[in-house]
Amino acid sequence: MDEWTWADVGARVAEARSVRGFSQEQLAETTGMDRSAIAKIEVGGRKLNSLELAAIGTALDRPLSWFVTPPAPVVASRRAQPTQRDDRAGEYELEDRLRDLRTLVDAAALGTASRGEPVDPFTADDAPAVLAAASDARSRLGADPGKPLLNLANCVERTGLYAWSAPIGPQGVDGCYAALGDLGVAVINSTLDAGRRRSTLAHEFGHHILADAYSADWGVDTSDHERAIDAFAAALLFPPGATDRYRQLREEHRLRPAVIVLAAEYRVSWSVALRQLRGYEAIDSDEYRSLDRSSPTRADYMEAGIQVVEELPEGHVPTGVRAAAVHAYRTYKISATRSLEIIRDKQLHREDLGQPHPVPLEALRGEVGAFLP
(Lines give C-alpha, C1' and ligand atoms only; values in the text may rest on other atoms or scores of the structure.)
Protein backbone atom coordinates (compact mmCIF):
# COMPACT_ATOMS: atom_id res chain seq x y z
CA MET A 1 0.00 0.00 0.00
CA ASP A 2 2.22 2.82 -1.21
CA GLU A 3 0.33 5.85 -2.49
CA TRP A 4 -3.05 4.16 -1.90
CA THR A 5 -3.47 4.16 1.89
CA TRP A 6 -5.61 2.25 4.36
CA ALA A 7 -7.61 5.44 4.79
CA ASP A 8 -8.40 5.26 1.05
CA VAL A 9 -9.45 1.63 1.41
CA GLY A 10 -11.65 2.56 4.35
CA ALA A 11 -13.27 5.36 2.38
CA ARG A 12 -14.09 2.89 -0.39
CA VAL A 13 -15.65 0.52 2.16
CA ALA A 14 -17.80 3.36 3.54
CA GLU A 15 -18.91 4.44 0.05
CA ALA A 16 -19.79 0.91 -1.04
CA ARG A 17 -21.67 0.28 2.19
CA SER A 18 -23.68 3.47 1.69
CA VAL A 19 -24.59 2.56 -1.90
CA ARG A 20 -25.57 -0.94 -0.80
CA GLY A 21 -27.79 0.59 1.90
CA PHE A 22 -26.06 -1.20 4.77
CA SER A 23 -25.50 0.20 8.23
CA GLN A 24 -22.20 -0.54 9.93
CA GLU A 25 -24.07 -3.02 12.13
CA GLN A 26 -25.51 -4.84 9.08
CA LEU A 27 -22.11 -5.05 7.40
CA ALA A 28 -20.56 -6.34 10.62
CA GLU A 29 -23.26 -9.00 10.96
CA THR A 30 -22.90 -10.09 7.32
CA THR A 31 -19.12 -10.39 7.51
CA GLY A 32 -18.86 -11.77 11.04
CA MET A 33 -16.82 -8.76 12.19
CA ASP A 34 -17.43 -6.36 15.07
CA ARG A 35 -19.19 -3.08 14.35
CA SER A 36 -16.33 -1.23 16.04
CA ALA A 37 -13.91 -2.92 13.61
CA ILE A 38 -15.97 -1.69 10.65
CA ALA A 39 -15.99 1.83 12.09
CA LYS A 40 -12.20 1.80 12.48
CA ILE A 41 -11.68 0.38 8.99
CA GLU A 42 -13.76 3.14 7.41
CA VAL A 43 -11.60 5.88 8.92
CA GLY A 44 -8.33 4.11 8.14
CA GLY A 45 -7.67 3.20 11.76
CA ARG A 46 -7.51 -0.54 11.19
CA LYS A 47 -5.86 -2.66 8.52
CA LEU A 48 -7.56 -5.65 6.89
CA ASN A 49 -6.22 -9.03 5.92
CA SER A 50 -7.16 -10.58 2.58
CA LEU A 51 -9.91 -12.78 4.06
CA GLU A 52 -11.59 -9.83 5.77
CA LEU A 53 -11.45 -7.73 2.61
CA ALA A 54 -12.84 -10.64 0.60
CA ALA A 55 -15.75 -10.97 3.03
CA ILE A 56 -16.49 -7.24 2.78
CA GLY A 57 -16.28 -7.39 -1.00
CA THR A 58 -18.75 -10.30 -1.13
CA ALA A 59 -21.16 -8.52 1.21
CA LEU A 60 -21.04 -5.26 -0.75
CA ASP A 61 -20.86 -6.87 -4.21
CA ARG A 62 -17.53 -5.25 -5.02
CA PRO A 63 -14.41 -6.92 -6.49
CA LEU A 64 -11.30 -6.85 -4.31
CA SER A 65 -9.45 -4.74 -6.85
CA TRP A 66 -12.08 -2.02 -6.43
CA PHE A 67 -11.05 -1.41 -2.81
CA VAL A 68 -7.31 -1.19 -3.43
CA THR A 69 -7.19 0.97 -6.56
CA PRO A 70 -8.31 4.57 -7.07
CA PRO A 71 -11.32 5.30 -9.30
CA ALA A 72 -10.81 6.19 -12.95
CA PRO A 73 -9.65 9.83 -13.22
CA VAL A 74 -12.77 11.00 -15.06
CA VAL A 75 -15.05 9.43 -12.45
CA ALA A 76 -12.98 10.79 -9.56
CA SER A 77 -13.20 14.25 -11.10
CA ARG A 78 -16.96 13.96 -11.43
CA ARG A 79 -17.31 12.92 -7.79
CA ALA A 80 -15.49 16.07 -6.72
CA GLN A 81 -18.27 18.15 -8.26
CA PRO A 82 -21.37 18.98 -6.21
CA THR A 83 -24.51 17.20 -7.39
CA GLN A 84 -28.10 17.00 -6.22
CA ARG A 85 -28.46 13.40 -7.40
CA ASP A 86 -26.72 10.27 -6.19
CA ASP A 87 -25.25 8.56 -9.23
CA ARG A 88 -22.68 6.52 -7.29
CA ALA A 89 -24.27 3.15 -8.12
CA GLY A 90 -23.86 3.90 -11.82
CA GLU A 91 -20.34 5.19 -11.25
CA TYR A 92 -19.32 2.01 -9.46
CA GLU A 93 -20.60 -0.11 -12.35
CA LEU A 94 -18.73 2.19 -14.72
CA GLU A 95 -15.50 1.84 -12.72
CA ASP A 96 -15.73 -1.95 -12.88
CA ARG A 97 -16.18 -1.92 -16.66
CA LEU A 98 -13.38 0.59 -17.14
CA ARG A 99 -11.12 -1.69 -15.13
CA ASP A 100 -12.12 -4.67 -17.31
CA LEU A 101 -11.46 -2.77 -20.52
CA ARG A 102 -8.14 -1.44 -19.26
CA THR A 103 -7.06 -5.01 -18.47
CA LEU A 104 -7.78 -6.06 -22.04
CA VAL A 105 -6.07 -2.98 -23.49
CA ASP A 106 -2.97 -3.68 -21.41
CA ALA A 107 -3.06 -7.28 -22.65
CA ALA A 108 -3.26 -6.07 -26.26
CA ALA A 109 -6.29 -8.37 -26.65
CA LEU A 110 -8.74 -5.94 -28.26
CA GLY A 111 -8.96 -5.02 -31.92
CA THR A 112 -8.12 -1.67 -33.43
CA ALA A 113 -11.60 -0.10 -33.48
CA SER A 114 -11.76 3.57 -32.52
CA ARG A 115 -14.20 6.43 -32.78
CA GLY A 116 -12.05 8.31 -35.32
CA GLU A 117 -12.04 12.09 -35.44
CA PRO A 118 -14.51 13.65 -32.98
CA VAL A 119 -17.67 15.12 -34.48
CA ASP A 120 -17.94 18.91 -34.53
CA PRO A 121 -20.32 20.18 -31.81
CA PHE A 122 -23.90 20.98 -32.82
CA THR A 123 -26.99 22.34 -31.10
CA ALA A 124 -30.42 20.79 -30.71
CA ASP A 125 -32.01 23.71 -32.56
CA ASP A 126 -29.79 23.24 -35.62
CA ALA A 127 -31.80 20.43 -37.23
CA PRO A 128 -29.63 20.14 -40.38
CA ALA A 129 -26.48 19.75 -38.26
CA VAL A 130 -28.16 17.14 -36.04
CA LEU A 131 -29.33 15.14 -39.07
CA ALA A 132 -25.92 15.42 -40.73
CA ALA A 133 -24.18 14.15 -37.58
CA ALA A 134 -26.65 11.27 -37.25
CA SER A 135 -26.30 10.37 -40.94
CA ASP A 136 -22.50 10.35 -40.66
CA ALA A 137 -22.68 8.22 -37.51
CA ARG A 138 -25.00 5.72 -39.19
CA SER A 139 -22.45 5.42 -42.00
CA ARG A 140 -19.70 4.74 -39.46
CA LEU A 141 -21.87 1.99 -38.01
CA GLY A 142 -22.50 0.44 -41.41
CA ALA A 143 -26.25 1.11 -41.31
CA ASP A 144 -28.34 1.32 -44.47
CA PRO A 145 -29.81 4.83 -44.95
CA GLY A 146 -33.32 4.98 -43.57
CA LYS A 147 -33.34 1.39 -42.34
CA PRO A 148 -33.65 0.27 -38.70
CA LEU A 149 -30.36 0.20 -36.79
CA LEU A 150 -30.60 -3.14 -35.01
CA ASN A 151 -28.31 -4.78 -32.44
CA LEU A 152 -27.03 -1.35 -31.50
CA ALA A 153 -24.55 -2.58 -28.88
CA ASN A 154 -22.74 -4.69 -31.47
CA CYS A 155 -22.80 -1.86 -34.01
CA VAL A 156 -21.19 0.73 -31.74
CA GLU A 157 -18.27 -1.60 -31.05
CA ARG A 158 -17.07 -0.68 -34.55
CA THR A 159 -16.26 2.76 -33.17
CA GLY A 160 -14.54 1.50 -30.03
CA LEU A 161 -17.56 1.98 -27.75
CA TYR A 162 -18.22 -1.03 -25.52
CA ALA A 163 -21.63 -1.21 -23.86
CA TRP A 164 -22.68 -3.19 -20.79
CA SER A 165 -26.06 -3.33 -19.06
CA ALA A 166 -26.49 -3.53 -15.30
CA PRO A 167 -29.42 -3.25 -12.85
CA ILE A 168 -28.61 0.22 -11.53
CA GLY A 169 -32.19 0.51 -10.29
CA PRO A 170 -35.24 2.72 -10.86
CA GLN A 171 -33.70 5.58 -8.88
CA GLY A 172 -30.33 5.36 -10.66
CA VAL A 173 -28.99 6.92 -13.80
CA ASP A 174 -30.31 5.85 -17.21
CA GLY A 175 -26.73 5.35 -18.33
CA CYS A 176 -23.19 6.58 -17.97
CA TYR A 177 -20.14 6.89 -20.20
CA ALA A 178 -16.41 7.39 -19.76
CA ALA A 179 -13.58 7.57 -22.26
CA LEU A 180 -10.51 5.35 -22.06
CA GLY A 181 -8.15 6.89 -24.55
CA ASP A 182 -9.83 6.56 -27.94
CA LEU A 183 -12.15 3.85 -26.62
CA GLY A 184 -15.32 4.31 -24.61
CA VAL A 185 -17.27 2.48 -21.92
CA ALA A 186 -21.04 2.78 -21.58
CA VAL A 187 -23.17 1.22 -18.85
CA ILE A 188 -26.91 1.14 -19.47
CA ASN A 189 -29.48 0.74 -16.70
CA SER A 190 -31.21 -2.57 -17.46
CA THR A 191 -34.13 -1.49 -15.25
CA LEU A 192 -35.33 0.72 -18.13
CA ASP A 193 -37.76 -0.53 -20.75
CA ALA A 194 -36.30 -1.85 -24.01
CA GLY A 195 -36.86 1.26 -26.12
CA ARG A 196 -35.40 3.55 -23.49
CA ARG A 197 -32.32 1.33 -23.14
CA ARG A 198 -31.61 1.71 -26.85
CA SER A 199 -32.18 5.46 -26.71
CA THR A 200 -29.83 5.70 -23.75
CA LEU A 201 -27.10 3.79 -25.56
CA ALA A 202 -27.59 6.00 -28.63
CA HIS A 203 -27.21 8.98 -26.29
CA GLU A 204 -23.98 7.59 -24.80
CA PHE A 205 -22.76 6.96 -28.35
CA GLY A 206 -23.30 10.68 -28.94
CA HIS A 207 -21.00 11.44 -26.01
CA HIS A 208 -18.47 9.01 -27.48
CA ILE A 209 -18.25 10.54 -30.94
CA LEU A 210 -18.20 14.05 -29.47
CA ALA A 211 -15.17 12.96 -27.42
CA ASP A 212 -16.73 13.78 -24.04
CA ALA A 213 -14.73 12.46 -21.11
CA TYR A 214 -17.60 11.50 -18.83
CA SER A 215 -21.38 11.58 -18.60
CA ALA A 216 -24.02 10.37 -16.16
CA ASP A 217 -27.40 10.69 -17.83
CA TRP A 218 -30.72 10.79 -16.01
CA GLY A 219 -32.95 11.29 -19.04
CA VAL A 220 -34.24 14.63 -17.73
CA ASP A 221 -31.23 16.90 -18.26
CA THR A 222 -32.23 20.07 -20.09
CA SER A 223 -28.76 21.49 -20.69
CA ASP A 224 -28.04 22.56 -24.27
CA HIS A 225 -25.39 19.87 -24.66
CA GLU A 226 -27.68 17.08 -23.45
CA ARG A 227 -30.60 18.31 -25.58
CA ALA A 228 -28.34 18.23 -28.63
CA ILE A 229 -27.26 14.66 -27.92
CA ASP A 230 -30.88 13.63 -27.31
CA ALA A 231 -31.81 14.99 -30.73
CA PHE A 232 -28.84 13.18 -32.27
CA ALA A 233 -29.81 9.89 -30.60
CA ALA A 234 -33.40 10.11 -31.87
CA ALA A 235 -32.24 10.83 -35.43
CA LEU A 236 -29.72 8.00 -35.24
CA LEU A 237 -32.36 5.44 -34.32
CA PHE A 238 -35.25 6.93 -36.31
CA PRO A 239 -33.84 8.70 -39.39
CA PRO A 240 -35.84 10.70 -41.95
CA GLY A 241 -35.94 7.66 -44.24
CA ALA A 242 -38.27 5.98 -41.74
CA THR A 243 -41.07 8.11 -43.18
CA ASP A 244 -40.92 6.05 -46.39
CA ARG A 245 -41.73 2.93 -44.38
CA TYR A 246 -44.44 4.87 -42.53
CA ARG A 247 -46.18 5.72 -45.80
CA GLN A 248 -46.09 2.08 -46.84
CA LEU A 249 -47.66 1.04 -43.55
CA ARG A 250 -50.38 3.69 -43.87
CA GLU A 251 -51.50 2.03 -47.08
CA GLU A 252 -52.13 -1.14 -45.10
CA HIS A 253 -53.18 0.09 -41.63
CA ARG A 254 -55.03 2.80 -39.81
CA LEU A 255 -52.95 5.53 -38.17
CA ARG A 256 -52.34 4.01 -34.72
CA PRO A 257 -51.56 0.43 -35.85
CA ALA A 258 -49.21 1.80 -38.51
CA VAL A 259 -47.18 3.75 -35.94
CA ILE A 260 -47.19 0.80 -33.54
CA VAL A 261 -45.62 -1.42 -36.23
CA LEU A 262 -43.17 1.32 -37.21
CA ALA A 263 -41.97 1.91 -33.63
CA ALA A 264 -41.49 -1.83 -33.16
CA GLU A 265 -39.53 -2.20 -36.40
CA TYR A 266 -37.17 0.62 -35.46
CA ARG A 267 -37.10 -0.53 -31.82
CA VAL A 268 -37.75 2.91 -30.39
CA SER A 269 -40.06 4.11 -27.65
CA TRP A 270 -43.51 5.43 -28.51
CA SER A 271 -42.49 8.98 -27.58
CA VAL A 272 -39.43 8.92 -29.88
CA ALA A 273 -41.47 7.58 -32.79
CA LEU A 274 -44.13 10.29 -32.39
CA ARG A 275 -41.62 13.09 -31.88
CA GLN A 276 -39.63 12.13 -34.96
CA LEU A 277 -42.67 11.62 -37.19
CA ARG A 278 -43.95 15.03 -36.19
CA GLY A 279 -40.53 16.61 -36.70
CA TYR A 280 -40.31 15.09 -40.18
CA GLU A 281 -43.87 16.36 -40.84
CA ALA A 282 -45.11 12.84 -41.57
CA ILE A 283 -47.99 13.39 -39.13
CA ASP A 284 -49.77 16.63 -38.32
CA SER A 285 -50.34 18.17 -34.88
CA ASP A 286 -53.83 16.68 -34.49
CA GLU A 287 -52.55 13.19 -35.31
CA TYR A 288 -49.68 13.68 -32.88
CA ARG A 289 -52.03 14.68 -30.04
CA SER A 290 -54.33 11.77 -30.79
CA LEU A 291 -51.47 9.25 -30.72
CA ASP A 292 -49.84 10.82 -27.67
CA ARG A 293 -52.90 10.26 -25.48
CA SER A 294 -51.99 6.64 -24.77
CA SER A 295 -48.94 4.47 -25.31
CA PRO A 296 -49.46 1.03 -26.85
CA THR A 297 -49.93 -1.92 -24.51
CA ARG A 298 -48.57 -5.44 -24.83
CA ALA A 299 -51.97 -6.44 -26.20
CA ASP A 300 -51.63 -3.85 -28.96
CA TYR A 301 -48.36 -5.43 -30.07
CA MET A 302 -49.92 -8.88 -29.90
CA GLU A 303 -52.86 -7.78 -32.03
CA ALA A 304 -50.42 -6.40 -34.62
CA GLY A 305 -48.58 -9.74 -34.67
CA ILE A 306 -45.39 -8.17 -33.35
CA GLN A 307 -42.83 -9.95 -31.20
CA VAL A 308 -40.90 -7.25 -29.39
CA VAL A 309 -37.14 -7.88 -29.47
CA GLU A 310 -35.33 -6.54 -26.42
CA GLU A 311 -31.73 -5.43 -26.73
CA LEU A 312 -29.32 -4.87 -23.85
CA PRO A 313 -30.96 -7.27 -21.38
CA GLU A 314 -29.63 -7.37 -17.83
CA GLY A 315 -26.07 -8.65 -17.71
CA HIS A 316 -25.20 -7.83 -21.32
CA VAL A 317 -21.43 -7.87 -21.90
CA PRO A 318 -19.95 -6.64 -25.20
CA THR A 319 -19.26 -9.42 -27.68
CA GLY A 320 -15.78 -8.10 -28.38
CA VAL A 321 -14.95 -7.92 -24.68
CA ARG A 322 -15.88 -11.55 -24.05
CA ALA A 323 -13.88 -12.66 -27.08
CA ALA A 324 -10.89 -10.62 -25.95
CA ALA A 325 -11.10 -12.02 -22.40
CA VAL A 326 -10.94 -15.60 -23.67
CA HIS A 327 -8.11 -14.74 -26.07
CA ALA A 328 -6.13 -12.96 -23.35
CA TYR A 329 -6.37 -16.02 -21.11
CA ARG A 330 -5.44 -18.46 -23.86
CA THR A 331 -2.39 -16.39 -24.77
CA TYR A 332 -1.11 -16.20 -21.16
CA LYS A 333 -1.93 -12.47 -20.74
CA ILE A 334 -4.46 -12.82 -17.88
CA SER A 335 -5.46 -15.52 -15.43
CA ALA A 336 -8.51 -17.75 -15.78
CA THR A 337 -10.03 -16.04 -12.74
CA ARG A 338 -9.64 -12.58 -14.26
CA SER A 339 -11.00 -13.80 -17.59
CA LEU A 340 -14.14 -15.14 -15.91
CA GLU A 341 -14.55 -11.87 -13.98
CA ILE A 342 -14.55 -9.93 -17.24
CA ILE A 343 -16.86 -12.36 -19.07
CA ARG A 344 -19.45 -12.13 -16.25
CA ASP A 345 -21.31 -15.33 -17.14
CA LYS A 346 -22.28 -17.35 -14.08
CA GLN A 347 -22.83 -20.41 -16.27
CA LEU A 348 -19.23 -20.34 -17.49
CA HIS A 349 -16.55 -22.11 -15.46
CA ARG A 350 -12.79 -22.47 -15.46
CA GLU A 351 -12.87 -25.70 -17.48
CA ASP A 352 -15.03 -24.04 -20.15
CA LEU A 353 -12.16 -21.69 -21.02
CA GLY A 354 -10.15 -24.62 -22.31
CA GLN A 355 -6.39 -24.78 -22.27
CA PRO A 356 -4.06 -21.90 -23.16
CA HIS A 357 -2.60 -22.08 -26.64
CA PRO A 358 0.69 -23.98 -26.90
CA VAL A 359 3.65 -21.63 -26.86
CA PRO A 360 5.47 -21.81 -30.22
CA LEU A 361 8.91 -23.41 -30.01
CA GLU A 362 10.54 -20.36 -31.57
CA ALA A 363 9.07 -18.16 -28.85
CA LEU A 364 10.50 -20.45 -26.17
CA ARG A 365 13.88 -20.34 -27.81
CA GLY A 366 13.73 -16.56 -27.80
CA GLU A 367 13.01 -16.57 -24.06
CA VAL A 368 15.64 -19.07 -22.95
CA GLY A 369 18.11 -19.02 -25.83
CA ALA A 370 20.54 -16.78 -23.97
CA PHE A 371 20.89 -19.42 -21.29
CA LEU A 372 21.49 -22.35 -23.65
CA PRO A 373 25.05 -23.50 -24.44
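Figured I'd write up the structure that's included with this text. (Residues numbered from 1 in each chain as written. Predicted model: local features only at pLDDT ≥ 70, side-chain atom pairs only at ≥ 80, totals over all residues. Heavy atoms only, no water.)

## With respect to the environment of Thr30
Then, in step 1: Inspection of the secondary structure puts Thr30 in helix H2 (residues 24-31).
Then, in step 2: The spatial distance from the C-alpha of Thr30 to the C-alpha of Ile56 is 8.4 Å, given a sequence separation of 26 residues.
Then, in step 3: When sequence neighbours within four positions are dropped, the list of residues in contact with Thr30 reads Phe22 and Ala59. (Helix = DSSP H or I, 4+ residues; strand = E, 2+ residues; numbered from the N terminus. Contact = heavy atoms within 4.5 Å.)

## Concerning unusual backbone geometry
Then, in step 1: A positive phi angle, close to 55°, is found at Asp61, a residue other than glycine.
Then, in step 2: With respect to the secondary-structure elements, Asp61 resides in the loop between helix H4 (50-60) and helix H5 (64-68).
Then, in step 3: Asp61 sits in the exposed class, given a relative accessible area of 53%.
Then, in step 4: Not every positive phi belongs to a glycine, and Asn151 is a case in point at roughly 50°.
Then, in step 5: Positionally, Asn151 belongs in the loop between helix H8 (127-140) and helix H9 (152-156). (Buried < 20%, exposed > 50% of the residue type's maximum accessible area, 1.4 Å probe, protein only.)

## Some words on the packing of helix H14 (residues 270-279) against helix H15 (residues 285-292)
Then, in step 1: Between H14 and H15, the least distance of the axes is 10 Å, while the angle of their chain directions is 175°. The orientation of H14 relative to H15 falls into the category roughly antiparallel. Here Trp270, Leu274, Arg275 and Arg278 of H14 come into contact with H15, specifically with Ser285, Tyr288, Leu291 and Asp292.
Then, in step 2: A class-by-class count of the residues in the contact of H14 with H15 yields four nonpolar, one polar and three charged. (Axes fitted to C-alpha atoms, helices over the stretch in contact; angles between N-to-C directions. Parallel < 35°, antiparallel > 145°, perpendicular 65-115°, else oblique. Nonpolar A, V, L, I, M, F, W, Y, C, P; charged D, E, K, R; others polar.)

## Some words on the environment of Arg88
Then, in step 1: With respect to the helices and strands, Arg88 occurs in helix H7 (residues 88-106).
Then, in step 2: Judged by its relative accessible area of 25%, Arg88 is partly exposed.
Then, in step 3: A C-alpha to C-alpha distance of 8.5 Å links Arg88 and Glu15, two positions 73 residues apart in sequence.
Then, in step 4: Beyond its immediate sequence surroundings of up to four residues, Arg88 is in contact with Glu15, Ser18 and Val19.

## Remarks on the pattern of salt bridges
Then, in step 1: Counting across every chain of the model gives 21 salt bridges.
Then, in step 2: Among the salt bridges present, the one from Arg267 reaches Glu311, with a minimum N-O distance of 2.7 Å. Here the residue Arg267 occupies a position in the loop between helix H13 (255-266) and H14, and Glu311 occupies one in the loop between helix H16 (298-303) and helix H17 (319-330), the gap between them amounting to 44 residues.
Then, in step 3: Using a relative accessible area of 18% as the deciding quantity, one classes Arg267 as buried.
Then, in step 4: Linked by salt bridges that have partners in common, Asp100, Arg338, Glu341 and Arg344 make up one network. (Salt bridge = Lys/Arg side-chain N within 4 Å of Asp/Glu carboxyl O.)

## Concerning the sheet that holds strand E4 (residues 214-217)
For sheets, the rule is that strands pair by backbone hydrogen bonds, running either parallel or antiparallel.
Then, in step 1: On the basis of which strands lie adjacent, the open sheet formed by four strands has the order E1-E3-E2-E4 and mixed pairing. Bordering the open sheet on either side are strand E1 (161-166) and E4, each of which pairs with just one other strand. Across the sheet, the mean angle from the axis of one strand to that of its neighbour is 15°, orientation sign disregarded.
Then, in step 2: Of the strand pairs in this sheet, strand E2 (residues 175-180) and E4 are connected by four bridges, and their pairing is antiparallel. Note that in E4 the partner of Tyr177 across the bridge is Ser215. (Pairing = 2+ DSSP bridges.)

## Structural notes on H4
Then, in step 1: For H4, the complete set of buried residues consists of Glu52, Leu53, Ile56, Gly57, Ala59 and Leu60. Looking down the long axis of H4, one finds its buried residues gathered within 165° of arc, a one-sided arrangement. Opposite the packed face of H4, turned more than 90 degrees from it, sit the exposed residues Ser50, Leu51 and Thr58.
Then, in step 2: On the buried face of H4, the contacting elements are helix H1 (6-20), H2, helix H3 (35-42) and H5.
Then, in step 3: For H4, the N-terminal capping position is held by Asn49, with its side-chain oxygen 3.1 Å away from the main-chain nitrogen of Leu51.
Then, in step 4: Phi turns positive, to about 55°, at Asp61, one or two residues after H4. (Arc of directions from axis to C-beta. Polar contact = N/O pair within 3.5 Å; in protein donor to acceptor, adjacent residues only side chain to side chain.)

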